[in-house]
Amino acid sequence: MVTEQEHGAIVWKNGKLVPWQEATIHVMSHVVNYGSSVFEGIRCYDTKRGSGIFRLDAHIERLLNSAHIYRMEVPFTSDEIMEACRQLVLANEYKACYLRPIIVRGYGTFGVDPFPCPIDTYICTWQWGKYLGPEAIEQGVDVCVSSWTRIAPNTLPSMAKAGANYMNSQLIKMEAKVNGYVEGIALDPQGYISEGSGENIFLVKDGTVMTPPLYSTILPGITRDSVIKICERMSIPVLERAIPREMLYIADEVFFTGTAAEITPIRSVDKVQVGAGRRGPITAEVQRQFFDIIAGEAEDVFGWLTPVEESRAATQREPQLA
Ligand code: PMP
């Protein structure tokens, strides 16, 4: 159970700030029965220059794209949702936290047809440490290739970050955990590497960084995009191409990327050691650049951090409970 200390006291619900306990839905809501939600996972970091939300604009763009794919008409603009995220971090008095904007089909009629059901938009916050364990970032994790295939093209759209996609992710995650692994890597329907249950994946071979393309039915990860940009700035070539499974075993380095997992090295796959069995040099350098930016130690050359505090000055109002 998440304790009251771990989650924010206040939730943003359809434009209003409400107490956590009031952010509930009916069991017969469309989303509960048919999985009709789209959502985001965003981190707010406590940087040297104050709290900053990482790539807020990219996350909200992906959220609204996910909603658009599912014909959900969201009555808020991206600017309004971004401002709501900042207001909520302030209202919950966080320096650092995880933000979960979620748009759901609410309580209306009971059939599959989603159109009669209202669209409800929420943002929740909580404190989330290192997703794959406290040592994972340095030591790396032991993972397996899943027996479950990633969602196929033209079934559930993988470019949408939709709740229903995570039934597939749960199968991958549960299988990995019951077999003693931290995470599972799914292959795409052609048998090429796709992604983890909640992470994109990168491999390094002979100085070249490679990652599966969108047609390997991945979520277009924002951390993935950030790592590609960091590599390009370091003049390290990044190939987006179909990658055979066995490349996992002979790669020099393998790592996961994701908002929750950040950049997590993989030290073994299916009990086969990857490279030297510990974090490799390119992974370490990419991590260093990433963590320096999010800590405010390095200049935010890409403009990735949205300051939270500016919002208070810009709006000149204190957040109010509805
Ligand atoms: N793939 C899946 C299935 C995910 O759930 C996530 C986490 N959102 C990612 C990849 C990584 O995406 P991001 O870097 O935008 O968090």
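Residues numbered from 1 in each chain as written. Predicted model: local features only at pLDDT ≥ 70, side-chain atom pairs only at ≥ 80, totals over all residues. Heavy atoms only, no water.

Undergrad: Whenever I open this one, the overall build of the protein chain confuses me. Can you help?
TA: When helices and strands are tallied, the protein chain shows nine helices and 17 strands. Principal axes of the C-alpha set define a box for the protein chain whose edges measure 55 × 50 × 35 Å. With 322 residues in all, the protein chain has 51% of them scored as buried. Counting contacts in the protein chain only where the partners sit at least 6 residues apart, residues at least 24 apart contribute 71% of the total. (Helix = DSSP H or I, 4+ residues; strand = E, 2+ residues; numbered from the N terminus. Buried < 20%, exposed > 50% of the residue type's maximum accessible area, 1.4 Å probe, protein only. Contact = heavy atoms within 4.5 Å.)

Undergrad: Can you help me understand the nonpolar core in this one?
TA: Generally speaking, a soluble globular protein has its nonpolar side chains buried in company with each other. Ile53, Ile60, Val89, Leu99, Ile103 and Ile123 are the most contacted members of the largest nonpolar core, which has 30 residues in total. Listing elements by their share of this core, those giving two or more residues are β1 (10–13), β4 (42–47), α2 (56–69), α3 (78–91), β6 (97–105) and β7 (119–126). Counting residues per element, this core draws most heavily on α3, which supplies eight residues. What Ile53 contacts, discounting residues up to four positions off in sequence, is Ile42, Arg43, Cys44, Cys85, Arg86, Val89, Leu99, Trp304, Leu305, Thr306 and Val308. In terms of nonpolar packing, the next biggest core, distinct from the first, is built from 21 residues, Leu132, Leu203, Val269 and Val274 among them. (Core = buried A, V, L, I, M, F, W, Y, C linked by side-chain atoms within 4.5 Å.)

Undergrad: Which parts of the structure should I look at to understand the side chain of Thr217?
TA: Tracing the chain through its elements places Thr217 in the loop between β12 (208–211) and α6 (222–233). At 3.2 Å, the side chain of Thr217 forms a polar contact with the backbone oxygen of Ile151. When residues no more than four places from it in sequence are discounted, the contact partners of Thr217 are Arg150, Ile151, Ala152, Pro153, Ser158, Asp188, Pro189, Ser194 and Glu195. (Polar contact = N/O pair within 3.5 Å; in protein donor to acceptor, adjacent residues only side chain to side chain.)

Undergrad: How should I be thinking about the domain arrangement of the protein chain in this particular structure?
TA: By convention, interface size is frequently given as the accessible area that disappears when the constituent parts associate. Looking at the protein chain, the domain boundaries give domain 1 (10–128 + 302–317) and domain 2 (136–279). When each unit is reduced to the centre of its C-alpha atoms, the spacing between domain 1 and domain 2 is 26 Å. Taken together, the contact pairs 21 residues of domain 1 with 21 residues of domain 2. For the pair domain 1 and domain 2, the summed buried surface comes to about 1700 Å²; carbon and sulfur atoms form 63% of the total. The interface formed by domain 1 and domain 2 holds two salt bridges in total. Ionic pairing is found between Glu262 and Arg43, a salt bridge with its closest N-O pair at 3.9 Å. The interface formed by domain 1 and domain 2 contains 10 residue pairs in polar contact (both at pLDDT 80 or more). At the level of secondary structure, the elements contributing two or more residues to the side of domain 1 that touches domain 2 comprise β3 (37–39), β4 and α2. (Domains from an automatic or database assignment. Buried area = accessible area lost by both parts, 1.4 Å probe. Salt bridge = Lys/Arg side-chain N within 4 Å of Asp/Glu carboxyl O.)

Undergrad: Sorry if this is basic, but what is going on with the pairing of β12 here?
TA: Within a regular strand, side chains alternate between the sheet's two faces. Every second residue of β12 is oriented toward a common face, with Thr208 and Met210 on one face and Val209 and Thr211 on the other, all of them buried. One ladder, built from three bridges, connects strand β11 (residues 200–205) with β12; its direction is antiparallel. Each bridged residue has a counterpart across the sheet, and for Leu203 the counterpart in β12 is Met210. Where β11 folds back onto β12 in an antiparallel hairpin, the turn is made up of two residues, including Asp206, whose phi is positive at roughly 50°. Here three bridges tie β12 to strand β13 (residues 238–240), and the two strands are oriented parallel to one another. When the sheet's bridge partners are listed, Thr211 is paired in β13 with Glu240. Taken together, β12, α6 and β13 constitute a β-α-β crossover, and its handedness is right-handed. (Pairing = 2+ DSSP bridges. Right-handed = clockwise from strand over helix to strand, strands pointing away.)

Undergrad: What is the right way to look at the packing of aromatic side chains in this model?
TA: Within this structure, the stated rule accounts for 12 aromatic pairs. Relative to Trp304, the ring of Phe54 lies with its centre 5.6 Å away and its plane at 75°, an arrangement referred to as edge-to-face. Highlighted residues: Phe54 in strand β5 (residues 50–54) and Trp304 in the loop between α8 (281–294) and β17 (305–307), separated in sequence by 250 residues. Judged by relative accessible area, Trp304 falls into the buried class, the value being 5%. (Phe/Tyr/Trp six-rings, centres within 6.5 Å; stacked < 30°, edge-to-face > 60°.)

Undergrad: Quick question: what am I supposed to make of the side chain of Thr257 here?
TA: Along the chain, Thr257 falls in strand β14 (residues 253–258). With residues up to four places along the chain from it excluded, the contact list for Thr257 reads Glu199, Asn200, Phe202, Thr223, Arg224, Val227, Glu262 and Ile263.

Undergrad: What is the right way to look at helix α5 (residues 165–178) in this model?
TA: Turn by turn, an α-helix covers 3.6 residues, leaving residues three or four places apart pointing in a common direction. Counted at 1.5 Å a residue, the expected span for α5 with its 14 residues is 20 Å, and the 21 Å between its end C-alpha atoms agrees. Buried residues belonging to α5 abut β8 (141–149) and β9 (183–187). At the exit of α5 stands Gly180, carrying a positive phi of roughly 90°. (Expected span 1.5 Å × (residues − 1).)

Undergrad: Can you walk me through α6 in this structure?
TA: Helix length check: α6, at 12 residues, gives a terminal C-alpha distance of 17 Å against a target of 16 Å (1.5 Å per residue), a fit within 8%. For α6, the full list of buried residues reads Ile222, Thr223, Arg224, Ser226, Val227, Ile228, Ile230 and Cys231.

Undergrad: Hey, could you run me through the pattern of salt bridges in this one?
TA: Where side chains of opposite charge bring their charged atoms close, a pairing between them can arise. Summed over the entire model, instances satisfying the criterion amount to 13 salt bridges. With its nearest N and O atoms 2.8 Å apart, the salt bridge here joins Glu40 to Arg62. Here Glu40 is found in the loop between β3 and β4, whereas its partner Arg62 is found in helix α2, with 22 residues between them in sequence. Of the residues examined, Glu40 reaches a relative accessible area of 0% and is grouped as buried. Using a relative accessible area of 9% as the deciding quantity, one classes Arg62 as buried. Notably, a salt bridge pairs Arg224 with Glu240, separated by 2.8 Å at the nearest N-O pair. Here Glu240 lies in strand β13 and Arg224 lies in helix α6, a separation of 16 residues in the sequence. Residue class for Glu240 comes out partly exposed when judged on its relative accessible area of 45%.

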